[in-house]
Amino acid sequence: MLTLLRNLRRVRRELSLPAPERGRSLALRHVDAGSCNGCEHELTLASSPYYDIQRYGFGIVASPRHADVLLVTGTVTTRMREPLLAAYRAMPEPRRVVAVGDCALGRGVLALDSEIVGPVEAVLPVDLRIPGCPPSPATITNALIEFSDRTAAEAL
Amino acid sequence: MSDPYRTRVTDALDAGCRFAGLYASAGGTVVRAAFVAPDGSIRLETAPVEAGRVPTIVDLAPAAGWDEREAADLYAIGFDGHEPLRPLVVHDLDLARWTVAVRGDDAYQIAVGPIHAGVIESGHFRFHVVGDRILQVDTRLFYKHRGLERAAEGRSLEDGLAYAMRACAACAVSNSVSYAHACEEALGLRPPPELARSRTILLELERTWSHLNDIAAICAGVGLAAGNTFFAALTERARRLNEMLTGHRFLFGSVQVGGSRLALDASNVAAACDEIAAISADSRSGWRDLLFNASFQDRLPGIGTVEAEDARSLGAVGPAARASGIDEDARSSSGRLAYDGFSPVAPHRVAGDAQARLEQRAIELLQSFELLAELLDRPLEPVAAERGDGERSVGIARVESPRGATLCAVEHGGGRIERLHLRTGSYANWPVVAHAAAGNLLPDFPLINKSFELCYACADR
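Residues numbered from 1 in each chain as written. Chains lettered and ligands numbered in written order. Predicted model: local features only at pLDDT ≥ 70, side-chain atom pairs only at ≥ 80, totals over all residues.

Caption draft 1: Layout of the overall build of chain A. What chain A contains, in helices and strands, is four helices and seven strands. Counting from the amino terminus, chain A carries its helices and strands in the arrangement α-β-α-β-β-β-α-β-β-β-α. In terms of C-alpha radius of gyration, chain A reaches 17 Å, essentially the compact-globule figure of 15 Å for 156 residues. Expressed along its principal axes, the backbone C-alpha trace of chain A runs to roughly 55 × 35 × 25 Å. Within chain A, the proportion of its 156 residues that are buried is 43%. Put simply, 83% of the contacts in chain A that link residues at least 6 apart link residues at least 24 apart. (Helix = DSSP H or I, 4+ residues; strand = E, 2+ residues; numbered from the N terminus. Rg over C-alpha atoms; globule rule 2.2 N^0.38 Å. Buried ≥ 20, exposed ≤ 12 C-beta atoms within 10 Å, placed from the backbone. Contact = placed C-beta atoms within 7 Å.)

Have a look at this one:
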C-alpha cells in the first residue's frame with residue numbers, strides 16, 4: 001500500500017498539473033443513452049491522475065437529484081428515451097445538458113432508424129456540445145472548464 | 001427426437017466441439033448454429049425454419065439460451081422445447097414474462113438500472129433477494145440496441161466493417177479483425193505473415209489497455225482508490241501509445257478488409273517498445289503492491305465463484321473461463337494471426353472467483369507485453385491479403401477479444417452484406433455473470449460485475 005501511494009505521488013509529481021485558479025464546482029451526472037462505450041471509457045479517464053477533473057470542482061454524482069449537469073453519451077435509442085427523460089426530470093433547477101461525443105450530436109451515427117430516437121437534442125435542450133469519436137479526456141475536461149466559466153459568468 | 005438438425009448438433013458436441021453462437025438468417029427462414037472444434041475450426045449447422053418454428057438446442061447446449069431468445073425476438077422464430085422462451089431484446093412486456101419467479105418468505109426484488117451510479121453503460125439488473133443474499137438475478141440488457149447488424153445489410157463488405165467496429169469501442173479491434181477474417185474467408189483471401197503481424201499487434205494493444213482498465217475497475221469495485229487511480233494512469237498511457245501508433249486512442253480505423261494500411265517506421269516501433277517496457281515495469285510494481293495489500297486481497301476469494309463445469313455448460317469464454325479452469329483461448333488456434341506457439345496461461349489458484357479473474361488479467365498482461373515486444377521488433381509496411389481458396393457465400397471467424405472469443409459471421413451476395421452477426425465475448429459471458437452472482441451478497445455485485453468487466457455495447461449492438 002505504501003509503495004502504491006508512493007508510486008501515485010510520483011505520477012502526480014511528474015505530471016505537475018497546474019492548480020486551478022477558481023473555486024467553483026459543478027456536480028455531473030452521466031447517462032449513457034446508447035453509446036459504443038468509447039465516451040464512457042474516456043469520461044472515466046478524465047478522473048485519472050492525468051486530468052483529474054475533480055481539481056476543477058467537477059465531481060460525478062450518483063443521483064440526478066444531486067446534479068447540476070447531465071452528461072449524455074451516445075445516440076438516444078428507443079429503449080433509453082424514457083430513462084433519459086426520467087433522469088432529467090429528477091434534476092433540480094437550474095439544470096444543464098451536455099451532449100458528449102459525435103453520436104450524441106447526431107454526427108456519423110450508425111444505427112437502424114427504427115431503433116433510435118435521434119441525437120440528444122431531439123429529446124432534451126442541449127447547452128453544450130462536445131464533439132469527437134470519442135472526445136479525449138483532455139477535450140472533455142477543457143470543454144467542461146470553459147462551460148463552467150461561462151455558466152458562472154451568466155449567473156453573475 | 002430424431003430431428004436431423006438436433007442429431008447433427010449432438011454429433012458436433014460428441015466430437016468435442018463447443019457451442020460458439022446461433023443466429024437466424026435469410027430473413028428468418030433458417031437458423032445457423034456454430035460450433036468450434038478443439039483444433040479451432042468452425043462447424044456450421046443449419047436448420048430450416050418451418051411454419052415459424054425450429055427445434056431448440058438449448059437442452060444440448062445451454063449456452064445457446066440467449067442466442068435463441070434473440071432470434072425469437074428479432075425474427076419471430078419459435079424454438080420448440082425452449083420453455084419458457086423469455087424475451088431478450090423486446091422490452092415492452094410484463095415483468096412476469098422476462099423474470100424468473102422467485103417466491104417465498106421474505107423474498108423481494110431490487111431493481112437496479114438502466115442508469116447506474118457511476119460512469120457505467122446502461123443495463124438493468126433485477127435482483128431477487130432475501131435480506132442481503134442474492135437468490136437470482138434477471139439481467140435485462142439491449143437498452144443500447146442500435147440494430148447495427150440489420151443496418152449493415154445491403155452495404156458493401158468494406159463499408160460493413162464500421163458496423164462491426166462501432167458496436168463497441170472497447171472491443172473495436174477484436175470486432176474489426178473478426179469481421180475482416182469472416183469477409184476474407186468468404187472472398188477466398190488469406191493474410192500473408194505481415195498482415196497477420198499487423199493485426200496481432202493491434203489485438204494485443206487492445207488487450208493491454210483493456211486488461212489495465214479491468215484491474216483498475218476491480219480495485220474500484222473493492223473501493224481501493226489508490227489501486228484504481230494507479231492502474232487508470234497506466235490505462236491512459238496505453239491509450240496514448242495507441243494514438244501514437246495509429247492516430248486513435250481506441251485504434252479505430254486501423255483494420256481494413258483485404259489488407260492493412262498501417263505503417264510503423266523504425267522510430268515508431270522503437271518508441272513503442274520503450275513505452276511498453278515502461279508500462280510493463282510499472283504494472284508489475286503496481287501488481288506486487290496489490291498482492292501484498294491484505295485488506296484488498298481479503299475481499300476477493302470466494303466472491304462470484306463459477307465452477308468449471310458451470311463455466312463450460314454456460315459457455316463462458318476468455319479470462320473468466322480460464323480463471324475457472326477452462327484451458328481455452330482462441331489465440332491458440334488462430335491460423336490467420338501471428339500467435340505461433342501460443343499457449344494460454346492460468347492463475348495460481350484456479351478458483352473461478354473474483355481473485356482468480358483478477359490474477360488472470362495480470363498474468364495475461366505480462367504475456368501481452370512479451371508478445372508486443374516480439375511483434376514490434378521491426379517496422380511495419382502496408383500489406384494486402386493474398387488469393388487463397390475459393391469464394392463462399394458465408395464467412396465465419398473467431399477472434400480472442402480481451403473479454404473472450406468473439407464470433408463474426410458474414411453472409412453476402414455479390415459483395416453486398418445479406419447478414420452480419422457478431423457474437424462477442426461479452427455476449428457469451430453475460431449469463432455467466434448472473435450465475436456467478438447467485439448466492440452472493442448484494443453489496444458484492446459491483447465487484448462481481450467488475451471482475452468480469454463486460455461491455456454492454458457489444459452485447460446490445
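The discussion continues.
Caption draft 2: Expanded view of the pairing of strand β8 (residues 133-140) of chain B. All names here are of chain B. Pairing of strand β7 (residues 124-130) with β8 involves seven bridges; the strand directions are antiparallel. When the bridges of β8 are listed, Val129 appears paired with Ile134. Taking the residues between adjacent antiparallel strands as the criterion, β7 and β8 are bridged by two residues, where Gly131 takes a positive phi near 60°. (Pairing = 2+ DSSP bridges.)

Caption draft 3: Quick peek at the nonpolar core. If you look at the biggest cluster of nonpolar residues, it comprises 192 residues, and the most contacted ones within it are Leu70(A), Val72(A), Val100(A), Cys168(B) and Ala316(B). The element contributing the most residues to this core is helix α7 (residues 193-222) of chain B, with 15 residues. Two domains each donate at least three residues to this core, and these are domain 1 (4-80) and domain 2 (148-460) of chain B. Ignoring sequence-local partners within four residues, the contact set of Val72(A) consists of Val31(A), Ala33(A), Leu84(A), Val97(A), Ala99(A), Val100(A), Ala104(A) and Val120(A). (Core = buried A, V, L, I, M, F, W, Y, C linked by C-beta atoms within 7 Å. Domains from an automatic or database assignment.)

Caption draft 4: Seen up close, the sheet that holds strand β2 (residues 30-36) of chain B. All names here are of chain B. The strand order across the open sheet formed by three strands is β1-β2-β3, and the pairing between neighbours is antiparallel. In this open sheet, the two edge strands, each paired with only one partner strand, are β1 (18-25) and β3 (42-48). Taking each pair of neighbouring strands and ignoring which way they run, the sheet shows an average axis angle of 20°. Lying on the sheet, helix α1 (residues 4-14) is in contact with β2 and β3; it crosses β3 at an angle near 165°. (Axes fitted to C-alpha atoms, helices over the stretch in contact; angles between N-to-C directions.)

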